[in-house]
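# Geometric and topological summary
The chain contents come next:
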Amino acid sequence: MNIIILNTLTCPKNVHTFKGTGKKKVDYPQKYVFTEFEKDFNELLQQLYTLESNIKVQKQNLKYYYSAQDRYDYRRLLQEKQNLLGRLKRIAKSVDMNFDTLQYNLTLKKEYNRYAPKIFRAKSKEELVQLKELISSANIYQKARDILINLIEQKKI
C-alpha cells in the first residue's frame, strides 16, 4: 500500500495506490526481410564458406601428396578467397557497417527466420513448450535465443 497518501493532509485526485506494471509487448515480425545489400552479402558469404571448405580439402591434398598442380590450385583458391573477402568488406563499408557486425546481424536474422514461423504456427501450449526446449538447446546466438523466447512467452493460446 502506498502510505504517502495517508501521511499527507490533502490527497491528490486520481492517485493509484496499487499499480501493477506489465511487460511491454513488442510486435515481432513473422519473418525478417533481407535488404538488397544483405542479399548480395549473403550470396557472397555462402560462396566464401564453400571456398573455405575447398581450400581445406586442397591443403589436405598437399599434405598427403604434393604436386605442382595441387599447389597451383591451392594458391588460386587463396587468391579467390582474398577477392571475396574484399568484396564483402566493400559491401559492408558501403552501408557504414563493420564486416563482422553485418555478418552477425545477417546470422541473427537467419536464425530468427528459421524458428519464428514455427512459433507463429504453434496451436497448443505443448508445441510452444517443445519449441522453447528446442530453442534453448539449439546452438544459436544468445540475442536470437532471447528474442525467440520472448516471442514464445508473448504468444497467447
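Structure's up top.
Note that the structure is predicted; figures quoted are calculated from it, not measured. (Residues numbered from 1 in each chain as written. Predicted model: local features only at pLDDT ≥ 70, side-chain atom pairs only at ≥ 80, totals over all residues. Heavy atoms only, no water.)

Per the stated rule, a full pass over the model turns up three aromatic pairs. Judged by centre distance (4.8 Å) and plane angle (65 degrees), the ring pair of Tyr-104 and Tyr-141 falls under edge-to-face. Residue Tyr-104 is located in helix H4 (residues 99-121), and its partner Tyr-141 is located in the loop between helix H5 (125-137) and helix H6 (142-154); the two are separated by 37 residues in the primary sequence. Looking at Tyr-104, the relative accessible area reads 29%, which means it is partly exposed. (Phe/Tyr/Trp six-rings, centres within 6.5 Å; stacked < 30°, edge-to-face > 60°. Helix = DSSP H or I, 4+ residues; strand = E, 2+ residues; numbered from the N terminus. Buried < 20%, exposed > 50% of the residue type's maximum accessible area, 1.4 Å probe, protein only.)

It is worth spelling out the packing of helix H2 (residues 36-64) against H4 at this point. Put simply, H2 and H4 touch, their axes get as near as 11 Å, and they point 95 degrees apart. Comparing the axis directions of H2 and H4 gives the class roughly perpendicular. Contacts from Phe-37, Glu-38, Phe-41, Asn-42, Leu-45, Gln-46 and Tyr-49 in H2 reach Phe-99, Leu-102, Gln-103, Leu-106, Lys-109 and Lys-110 in H4. Its residues placed into classes, the contact of H2 with H4 shows seven nonpolar, three polar and three charged. (Axes fitted to C-alpha atoms, helices over the stretch in contact; angles between N-to-C directions. Parallel < 35°, antiparallel > 145°, perpendicular 65-115°, else oblique. Contact = heavy atoms within 4.5 Å. Nonpolar A, V, L, I, M, F, W, Y, C, P; charged D, E, K, R; others polar.)

A cluster of basic residues, Lys-31, Arg-114, Lys-118 and Arg-121, forms a positive patch at the surface. Tracing the sequence through the fold places Lys-31 in the loop between helix H1 (4-7) and H2. (Patch = residues over 30% accessible without salt bridge, like charges linked within 9 Å, V, L, I, M, F, W, Y side chains within 5 Å. Areas by Shrake-Rupley, 256 points an atom, 1.4 Å probe, with all protein chains shown as cover. Salt bridge = Lys/Arg side-chain N within 4 Å of Asp/Glu carboxyl O. Lys, Arg positive; Asp, Glu negative; His and termini not counted. Charge placed at Lys NZ, Arg CZ, Asp CG, Glu CD.)

A few words on the pattern of salt bridges. Tallied over the full model, the rule gives five salt bridges. Notably, a salt bridge pairs Arg-76 with Asp-73, separated by 4.0 Å at the nearest N-O pair. Pair noted here: Arg-76 and Asp-73 are both in helix H3 (residues 68-94), with a separation of three residues, about one helical turn. Lys-132 is the partner of Glu-153 in a salt bridge, and the nearest nitrogen-oxygen pair spans 3.6 Å. Residue Glu-153 is found in helix H6, and its partner Lys-132 is found in helix H5; the two are separated by 21 residues along the sequence.

In this section: unusual backbone geometry. In this structure, Asp-96 is a non-glycine residue whose phi angle is positive, near 55 degrees. Secondary-structure assignment places Asp-96 in the loop between H3 and H4. On the basis of relative accessibility, which here comes to 71%, the residue Asp-96 falls in the exposed class.

Now for H6. In a regular helix each residue adds 1.5 Å, so 13 residues correspond to 18 Å; H6 covers 18 Å between its end C-alpha atoms and thus fits that length. Listed in full, the buried residues belonging to H6 are Ala-144, Arg-145, Leu-148, Ile-149, Leu-151 and Ile-152. Burial along H6 is one-sided: seen end-on, the buried residues are contained in an arc of 155 degrees. Where the residues of H6 are buried, they touch H4 and H5. (Expected span 1.5 Å × (residues − 1). Arc of directions from axis to C-beta.)

Among the secondary structure elements, Glu-38 is positioned in helix H2. On the basis of relative accessible area, Glu-38 is assigned to the buried category, the value being 6%. For Glu-38, the side chain forms a polar contact with the side chain of Lys-109, separated by 3.0 Å. Not counting residues up to four positions away in its chain, the partners in contact with Glu-38 are Val-33, Leu-106 and Lys-109. (Polar contact = N/O pair within 3.5 Å; in protein donor to acceptor, adjacent residues only side chain to side chain.)

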